[in-house]
Amino acid sequence: MFRYAYTICGILIASVITILSFSFNLDLFDRFTHLLLRLEHLEVDELLVALVIILLFFQIDLLRNRHETAVEKEKVKIYRAMLFGMQHILNNFLQQMQLFKWTAEKTPGFDPEVLKLYDQVIAETTQQIQAVGNVGKIDDEDIRQSVLPK
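All residue numbers here refer to positions counted from 1 along the written sequence of the relevant chain. The model is predicted, so local features are restricted to residues of pLDDT at least 70 and side-chain atom pairs to those at 80 or more, both for listing and for counting; the totals for chains, interfaces and linings are taken over all residues. By convention in this description, side-chain values take in all heavy atoms of the structure and omit both hydrogens and water.

Observations concerning the pattern of salt bridges
When a carboxyl oxygen of Asp or Glu is within 4 Å of a side-chain nitrogen of Lys or Arg, the pair counts as a salt bridge. Taken as a whole, this structure holds 7 salt bridges when the rule is applied. When the shortest N-O distance is used, the salt bridge between Lys 101 and Asp 119 registers 2.6 Å. Here Asp 119 lies in helix 4 (residues 112-133) and Lys 101 lies in helix 3 (residues 44-106), a separation of 18 residues in the sequence. Think of it in three bands: residues with accessible area under 20% of the maximum for their type are buried, residues over 50% are exposed, and the middle band is partly exposed, with areas taken using a 1.4 Å probe on protein chains only. The exposure class of Lys 101 is buried, given its relative accessible area of 16%. Look at Asp 119 and you get partly exposed, because its relative accessible area is 34%. Taken together, the salt bridges that share partners define one network made up of Asp 61, Arg 64 and Glu 68. To qualify as a helix, a DSSP run of H or I must reach at least 4 residues; to qualify as a strand, a run of E must reach at least 2; elements of each kind are numbered from the N terminus.

Below, the structure written as structure tokens:
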């Protein structure tokens, strides 16, 4: 409904003007042309042609900008969905790795230095996943900067 709010507004205004024109026997187009004839010495009619051309190209720019904005919003939606999927997969992987850590801790004679290294790798990976998830501006450089070591 709100997607076509201005179109609906235009239809309502045009309908009201048409009904009022028929009700009061007004010929608005004839009045407009008569006004243009009275203002002929000011060359307003040439200005109207220029104004219509300017407004036409302004409308084209608006439509192009709206399309570009919609495309960018869709890219952000896709990026966020992909990021959610990646985080889900990596979090599942990290949880499964916790099972291996638990098994290693229970195994006699397992090197504790390896477990420390494991904890460090898991912590760094978790921080990088969170950093990518918290990227504010979605562009190539910001995404790359979010995962670089600090």
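A closer look at the environment of Glu 72
When you line up the elements, Glu 72 lands in helix 3. A residue is classified by how much of its surface remains accessible, and Glu 72, at 44% relative accessible area, is partly exposed. Through-space distance from the C-alpha of Glu 72 to that of Ile 138 is 9.7 Å; in sequence the pair is 66 residues apart.

A short note on the side chain of Ser 21
The residue Ser 21 is located in helix 1 (residues 5-23) in this model. By definition in these notes, contact holds between two residues if any of their heavy atoms fall within 4.5 Å. When residues no more than four places from it in sequence are discounted, the contact partners of Ser 21 are Leu 26 and Leu 28.

Describing the environment of Phe 32
The residue Phe 32 is located in helix 2 (residues 28-38) in this model. Distance in space between the C-alpha atoms of Phe 32 and Lys 75 is 47 Å, their sequence separation being 43 residues.

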